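# Residue-level structure breakdown
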Amino acid sequence: MKLNAISISSILLTLTLFTLAGANPSSDHSLPYSEPTHLAGGSPPAADTPKNRTALPVLPTPIRQVSDCTVWTEDCSGEVLRLAKLPENVAWLKWVRRRIHENPELAFEEFETSKLIRCELDKLGIDYKFPMATTGIRATVGTGGPPFVAVRADMDALPIQEAVEWEHKSKVAGKMHACGHDAHVAMLLGAAKILKTREHHLKGTIILLFQPAEEAGNGARRMIGDGALENVEAIFAAHVSHQHPTAVIGSRPGPLLAGCGFFRAIIKGNKGLAGTPHRSVDPVLAASAAVISLQGIVSREANPLDSQVVSVTSFNGGDNLDMIPETIVLGGTFRAFSNTSFYHLLRRIEEVFVEQASVFRCSATVDFFENEYKIYPPTVNDELMYEHVRKVASDLVGPTNFKVVPPMMGAEDFSFYSQVVPAAFFYIGIMNETLGSTHTGHSPYFMIDEDVLPIGAAAHASIAERYLNEHTRR
């Protein structure tokens, strides 16, 4: 009985081993859904045939299963980051950024930049609407149904002569990508590539906005007018920052960037000889009094805990040293972190110029360039959208690499989007002293650490996909 039992056990063991050896160790359903070949266009895995199958009875190698991320986990963030960091994709991101950097275009002139973006979207099989706001693009990835979430990148360069000597320096005299918009475009295109790969897992529709004229032309306002936010429930955007080490992400709830406006005041009097001032009406005296009085708006009328700025930056009159001029032209800027404070400053600036001019028998007019769209409202992050960015960033780069940042007096036309739908704006660090990436935006020495590109692509993709998962209507 003992011998028979051993014999039977041996037969059963032999059958089990040969059954395992003959099992197909992989299939379309057991492969991770986003292998590198899916994004980079590589060759599929070799088919399992008797010719390539091992003859030894071995157990199949366990295959890492990737969740469909209906419930988002750190593994989902890791998978998106892995895709972004594939060598072939990093090389492509750098190529896109450098191509745009070499050929900078100013506000509403981004024709070649827009053409490059559309060409890459065509290669990815992503649908888009063009033109919007002259050169802008509205691309879509996903189901085509709700919920809808948008991510935005700006495209325009600045009228600055680049002083950085490197292989991909601007080829256009007097124009430069000195604020990182070339990187913003590359990162959003990188997100588009990732999201297209994962499209069958998206629970709604992602809108990718490539926007012109952030720097000078209120491109966001024009994009909104052309339907950029149609059906959109929330919107996100990033800006590279030299104030944070590369790949560190920062943001804050509530006011993040100030509202910004500009003014030009013209004070008129009557010209006359400087030796007989009583025969003139002196606009220099009136303008000087106005400049002093403007300082009292912030120092004596604003809550000290509500940061505001009024700065006179130009003061121009006559050029004859023996003549009191007829007019003085002054200009400057004003900034605040709430719409209430911002429009209070606007009203009081005009009142000060007009009333102080009248005290000195002069007249004054004030232009705030509203017809030229020179007014930018404050950028205010929705608290829930900020929290969404914080969660995604913490999973993606680690909790210690997410920073709550202080408000800044800079301005952004992303603020126009934030006035229409819940929004969040965040920074991605590019500071790298070894590379020389330490100069502020709008500097002719501005440069970026390109290691940020896959991080930005992954951040955009994760923020958008996770938003859909957490806001799907059930």
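So, a few notes on the structure that sits alongside this text. (Residues numbered from 1 in each chain as written. Predicted model: local features only at pLDDT ≥ 70, side-chain atom pairs only at ≥ 80, totals over all residues. Heavy atoms only, no water.)

### Observations concerning the pairing of strand S1 (residues 127-132)
We count it as follows: In this scheme, strands are said to pair when DSSP sees at least two bridges between them. Counting from the N terminus, the helices are DSSP H or I runs at least four residues long and the strands are E runs at least two residues long.
Pairing analysis gives four bridges linking S1 to strand S2 (residues 136-142), with the strands arranged antiparallel. Bridge pairing in S2 links Tyr 128 to Ala 139. Two successive antiparallel strands, S1 and S2, enclose a turn made up of three residues, where Ala 133 displays a positive phi of approximately 50 degrees.

### Looking at the state of the cysteines
For clarity, the cut-off: Here, a disulfide means two cysteine sulfur atoms that sit within 2.5 Å of each other. Exposed residues in this analysis have more than 50% of their type's maximum accessible area, buried residues have under 20%, and partly exposed residues fall in between, with area computed by a 1.4 Å probe over protein chains only.
Applying the stated criterion across every chain, the model contains one disulfide. The disulfide partner of Cys 69 is Cys 76, and the gap between their sulfur atoms is 2.1 Å. On the sign convention where negative is left-handed, the bridge of Cys 69 and Cys 76, at about -110 degrees about the S-S bond, is left-handed. Both residues of the pair, Cys 69 and Cys 76, count as buried.

### Here we look at helix H6 (residues 181-197)
Note the following rule: Here, expected helix span is obtained from the residue count minus one, scaled by 1.5 Å.
Counted at 1.5 Å a residue, the expected span for H6 with its 17 residues is 24 Å, and the 25 Å between its end C-alpha atoms agrees. Burial within H6 is extensive, with 16 of its 17 residues counted as buried.

### Here's the deal with the sheet that holds S2
Either a parallel or an antiparallel arrangement is found when strands of a sheet pair, and the pairing is made through backbone hydrogen bonds. Selection rule: Structural elements are reduced to axes, namely lines fitted to C-alpha atoms, with helices fitted over the stretch in contact, and the angle between N-to-C directions of any two is expressed from 0 to 180 degrees.
Spatially, the eight strands line up as an open sheet ordered S1-S2-S4-S3-S5-S16-S6-S15, and their pairing is mixed. Of all the strands in the sheet, the pair left with one neighbour each is S1 and strand S15 (402-404). Strand-to-strand twist across the sheet, computed as the mean angle between neighbouring axes with direction ignored, equals 25 degrees.

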